[in-house]
Amino acid sequence: MSVMEKFKRAFFTENPVTVMLLGLCPTLAVTSSAENGIGMGLATTFVLVMSNLVISIFKNVIPARVRIPSFIVVIATFVTIVDMGLQATLYDLHKTLGLFIPLIVVNCLILGRAEAFASKNTIGQSLLDGVANGLGFTFALFILGGIREILGSGAFLGMPIIPGDWRTILLFVLAPGAFITLGFMLVGMNKISERLEGTKS
Amino acid sequence: MAKQEESGLKIILVLVLIAGLAAVLLAYVNKVTSGPIAEKKRQETQRAIKVVMANEAVQHPEMPEPVKQVDFPAEYFPVRNQADQPLGYAFKVEAPDGFTSAFEILVGVDTTGKIVDTYVLSHKETPGLGDGMMEEEFKKQFRGRSLDNTNWSVQKDGGDIDAITAATITSRAFTYGAERALRAYETLKEDQ
């Protein structure tokens, strides 16, 4: 599979969020702004790439019967590294994402790629798979966060873009707004995917 | 993935090996990051103390001391200005019963028992509603208030504090949190 094809799949036709509906807990919970979406997406991408790498290296050593516990230990290790690393560098972002960083461990996107891809493919392919899916995930969270931030807080990436005396739709930064926005995003992304796939319905 | 049926010994060995490697890696990362993390936390505390003391704070201890003899958790930093004069205290108190959970605020109290300013250290209140407690509009009404000159509840409950629209619960919690800081101040003064 070509690199282009891989990215097209990860971003549109097989996007982890809008098509596979994987990892919805962080998706819905932290995307109250575009910046939070990017932060969460990149943290997840790092964990995904590293765990794909390590698992594809050790795929012939890990006994099939204990592969899930082994994957989880690998994933949890990288999540802890992200947690400590973020706290040491981007302290304010870490404060916002807070509780949801440790929860990357149970993001089924990561375990899903480990089980379905990295444990069966070469190191290079697994790395590419991690980068593509991670960025696809980040892309979806960025769009979701961006829409919610514009409608809910009248800003984009922290910069006010709607005149101050206009009322913003508060609902969109609250939890129900996440579900509503995601619903509309699914419709939109399905349309785009259909176009990319050609005319098959 | 190795396909044939593995022996129990191999399974145990591999799991121990993986866990061991993970432990070594984490110990190393922890060693590298613990310094910067402590430094960031210290900077944040310093920034907060500056805010609640109207930027005059120059000297204060690294760690707060607990206020004893009060029936709620409270800690304080004695704060001094450039000329080494006591400015008052910065109290770290918990605002109980926030909308989602209790949250932590820092309240600067001057030597006459009046609030200088407030700062929210950590919270999980609703963005767009409860987090209005960090904005000037809400914060400014606390400056200069003391236990004597204020009825410490929100206007809805017959008090003096103008609550944030649609965030009465957060405002109420914040108000009680600020009052706690003043009560801690009174207790501290009686002790001396």
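Quantities reported herein were computed from a predicted structural model and do not represent experimental measurements.

Participant: What is the right way to read the overall build of chain B from this model?
Facilitator: From N to C terminus, chain B includes three helices and five strands. The C-alpha atoms of chain B give a radius of gyration of 23 Å, which is well past the 16 Å a tight globule of 192 residues would have. Dimensions along the principal axes, computed over C-alpha positions, put chain B at roughly 80 × 45 × 30 Å. The burial tally for chain B puts 43% of its 192 residues in the buried class. The long-range fraction of contacts in chain B, counting pairs at least 24 apart against all pairs at least 6 apart in sequence, stands at 49%.

Participant: Could you clarify how one ought to interpret the overall build of chain A in this entry?
Facilitator: Across its full length, chain A carries eight helices and two strands. Going from N to C terminus, chain A has its helices and strands arranged as α-α-α-α-α-α-α-β-β-α. Relative to the 2.2 N^0.38 estimate, which gives 17 Å for 201 residues, the radius of gyration of chain A is 18 Å and therefore close to what a compact globule would have. Overall, chain A is about 60 × 50 × 25 Å in size when its C-alpha atoms are taken along their principal axes. If you take every contact in chain A between residues at least 6 apart in sequence, the share linking residues at least 24 apart comes to 74%. With an accessible surface of roughly 9,200 Å², chain A has 70% of that area assigned to carbon and sulfur atoms. Side-chain charges of chain A comprise 14 positive and 11 negative groups, with the mean position of each set lying 9 Å from the other.

Participant: What exactly am I supposed to notice about the side chain of Thr-150 of chain B here?
Facilitator: All names here are of chain B. Within the secondary structure, Thr-150 sits in the loop between helix H2 (136-139) and helix H3 (168-191). At a separation of 3.2 Å, a polar atom in the side chain of Thr-150 contacts the side chain of Arg-145. Beyond its immediate stretch of four places on either side in the chain, Thr-150 contacts Arg-145 and Asp-160.

Participant: Sorry, what's going on with the sheet that holds strand E1 (residues 65-66) of chain B here?
Facilitator: Remark on secondary structure: sheet strands pair via backbone hydrogen bonds, oriented parallel or antiparallel. Residue and element names in this part refer to chain B. Pairing is antiparallel in the open sheet, where five strands are placed in the order E1-E2-E3-E4-E5. The sheet terminates laterally at E1 and strand E5 (115-122), the two strands that pair on one side only. The pairing of strand E3 (residues 86-95) with strand E4 (residues 103-110) spans eight bridges and is antiparallel. The partner of Phe-91 across the bridge, within E4, is Val-107. In this fold H3 packs onto strand E2 (74-80), E3, E4 and E5, with an angle of close to 135° to the strand it touches most, E3.

Participant: Can you walk me through a nonpolar patch on the surface in this structure?
Facilitator: Judged by side-chain polarity, Ile-57, Phe-58, Val-61, Ile-123 and Leu-127 of chain A together with Leu-17 and Leu-21 of chain B come together as a nonpolar surface patch covering roughly 580 Å² of accessible area. Broken down by secondary-structure element, the contributors of at least two residues to the nonpolar patch are helix H7 (123-153) of chain A together with helix H1 (8-52) of chain B. Looking at the element boundaries, Leu-127 of chain A is found in helix H7. Accessibility expressed as a relative area gives 31% for Leu-127 of chain A, which makes it partly exposed.

Participant: Sorry, what's going on with the nonpolar core here?
Facilitator: Side chains of a nonpolar character, in soluble globular proteins, are inclined to be buried together. In this structure, Val-47, Ile-101 and Ile-104 of chain A are the most contacted members of the largest nonpolar core, which totals 38 residues. Mapped by element, the contributors of at least two residues to this core are helix H2 (24-30), helix H3 (34-57), helix H4 (67-89), helix H5 (91-97), helix H6 (108-118), H7 and helix H8 (175-197) of chain A together with H1 of chain B. In terms of residue count, H4 of chain A provides more of this core than any other element does, nine residues in total. Setting aside anything within four residues of it in sequence, one finds Ile-101 of chain A in contact with Ala-43, Val-79, Val-82, Asp-83 and Leu-86 of chain A. Of all hydrophobic cores here, the second largest spans 32 residues; its members include Val-70, Val-109, Val-120 and Phe-142 of chain B.

Participant: What am I meant to see in the packing of aromatic side chains here?
Facilitator: The tally for this structure, following the rule as stated, stands at 14 aromatic pairs over all chains. Ring geometry for Phe-142 of chain A and Phe-156 of chain A: centres 6.0 Å apart, planes at 65°, overall edge-to-face. Of the two residues, Phe-142 of chain A sits in helix H7 while Phe-156 of chain A sits in strand E1 (residues 155-156), which places them 14 residues apart along the sequence. Residue Phe-142 of chain A is classed as partly exposed on the basis of its relative accessible area of 25%. Taking the centre distance of 5.6 Å and the plane angle of 75° together, the rings of Tyr-76 of chain B and Tyr-89 of chain B count as edge-to-face. A residue pair is termed long-range when its members are at least 10 positions apart, and Tyr-76 of chain B in strand E2 and Tyr-89 of chain B in strand E3 qualify at 13 residues. Judged by relative accessible area, which is 16%, Tyr-89 of chain B ranks as buried. In textbook terms, an aromatic cluster arises when at least three aromatic residues are bridged by ring pairs, as seen for Phe-7, Phe-11, Phe-12 and Phe-139 of chain A.

Participant: Looking at this structure, how should I read unusual backbone geometry?
Facilitator: For residues other than glycine, phi is negative in most cases, and the peptide bonds are mostly trans. Despite not being glycine, Leu-21 of chain A shows a phi value in the positive range, around 55°. Relative to the elements of secondary structure, Leu-21 of chain A occurs in the loop between helix H1 (3-13) and H2. Take Leu-21 of chain A: its relative accessible area is 40%, and that puts it in the partly exposed class. For Asp-84 of chain B, which is not glycine, the phi torsion reads 65° and is therefore positive. Within the element layout of this structure, Asp-84 of chain B appears in the loop between E2 and E3.

Participant: Would you explain the interface of chain A and chain B in this entry?
Facilitator: In many analyses, interface size is given as the accessible surface area lost on bringing the parts together. Listed by partner, the interface residues are 30 residues for chain A and 27 residues for chain B. Note on chain A versus chain B: buried area summed over both sides is about 2,500 Å², and carbon and sulfur give 71% of it. Considering only the surface of chain A that becomes buried against chain B, Arg-65, Met-84 and Tyr-91 of chain A emerge as the three largest contributors, covering 22% of it. At the boundary of chain A and chain B, one finds one salt bridge. Of the charged contacts in the structure, one is a salt bridge between Lys-95 of chain A and Glu-44 of chain B, with a shortest N-O distance of 3.0 Å.

Cut-off values and rules
Along each chain, numbering runs from 1 in the same order as the chain's sequence is written. As they are written, the chains are lettered A onward and the ligands numbered 1 onward, keeping that order. Local features in a predicted model are, by the rule used here, given only for residues with pLDDT of at least 70; side-chain atom pairs are given and counted only at 80 or more, and totals for whole chains, interfaces and linings are based on all residues. Only heavy atoms go into the side-chain values, all of them from the structure, while hydrogens and water stay out. Each helix is a run of DSSP H or I of at least 4 residues and each strand a run of E of at least 2, with the numbering of both proceeding from the N terminus. To get the radius of gyration, use the C-alpha atoms; to get the globule rule, take the number of residues to the power 0.38 and multiply by 2.2 Å. Throughout, exposure labels follow a simple rule: accessible area from a 1.4 Å probe, protein chains only, divided by the maximum for the residue type, with under 20% read as buried, over 50% as exposed, and the rest as partly exposed. Here a residue-residue contact requires only that any non-hydrogen atoms of the pair lie within 4.5 Å. The Shrake-Rupley method, run with a 1.4 Å probe, gives the accessible areas here. Residue values count only the displayed protein chains as cover. A residue counts as positive if it is Lys or Arg and as negative if it is Asp or Glu; His and the chain ends are not included. To locate a charge, take NZ of a lysine, CZ of an arginine, CG of an aspartate or CD of a glutamate. Residues adjacent in sequence count toward polar contacts only when both atoms are side-chain atoms; beyond that, a polar contact is any pair of N or O atoms within 3.5 Å, and within protein one must be able to donate a hydrogen and the other to accept it. Any two strands between which DSSP finds at least two bridges are classified as paired. All axes are obtained by fitting lines to C-alpha atoms, using only the stretch in contact for helices, and the reported angles, taken between N-to-C directions, cover 0 to 180 degrees. Patch membership requires more than 30% relative accessible area and the absence of a salt bridge. Residues of like charge join within 9 Å; the nonpolar side chains Val, Leu, Ile, Met, Phe, Trp and Tyr join within 5 Å. The salt bridge criterion pairs a side-chain nitrogen of Lys or Arg with a carboxyl oxygen of Asp or Glu, the two atoms within 4 Å. The criterion is simple. A nonpolar core is a set of buried Ala, Val, Leu, Ile, Met, Phe, Trp, Tyr and Cys residues joined through side-chain atoms within 4.5 Å. Note on aromatic contacts: the rings of Phe and Tyr and the six-membered ring of Trp form a pair at centre separations within 6.5 Å, being stacked when their planes are under 30 degrees apart, edge-to-face when over 60 apart, and tilted otherwise. What counts as buried area is the accessible surface, traced by a 1.4 Å probe, that two parts surrender upon association, with contributions from both included.

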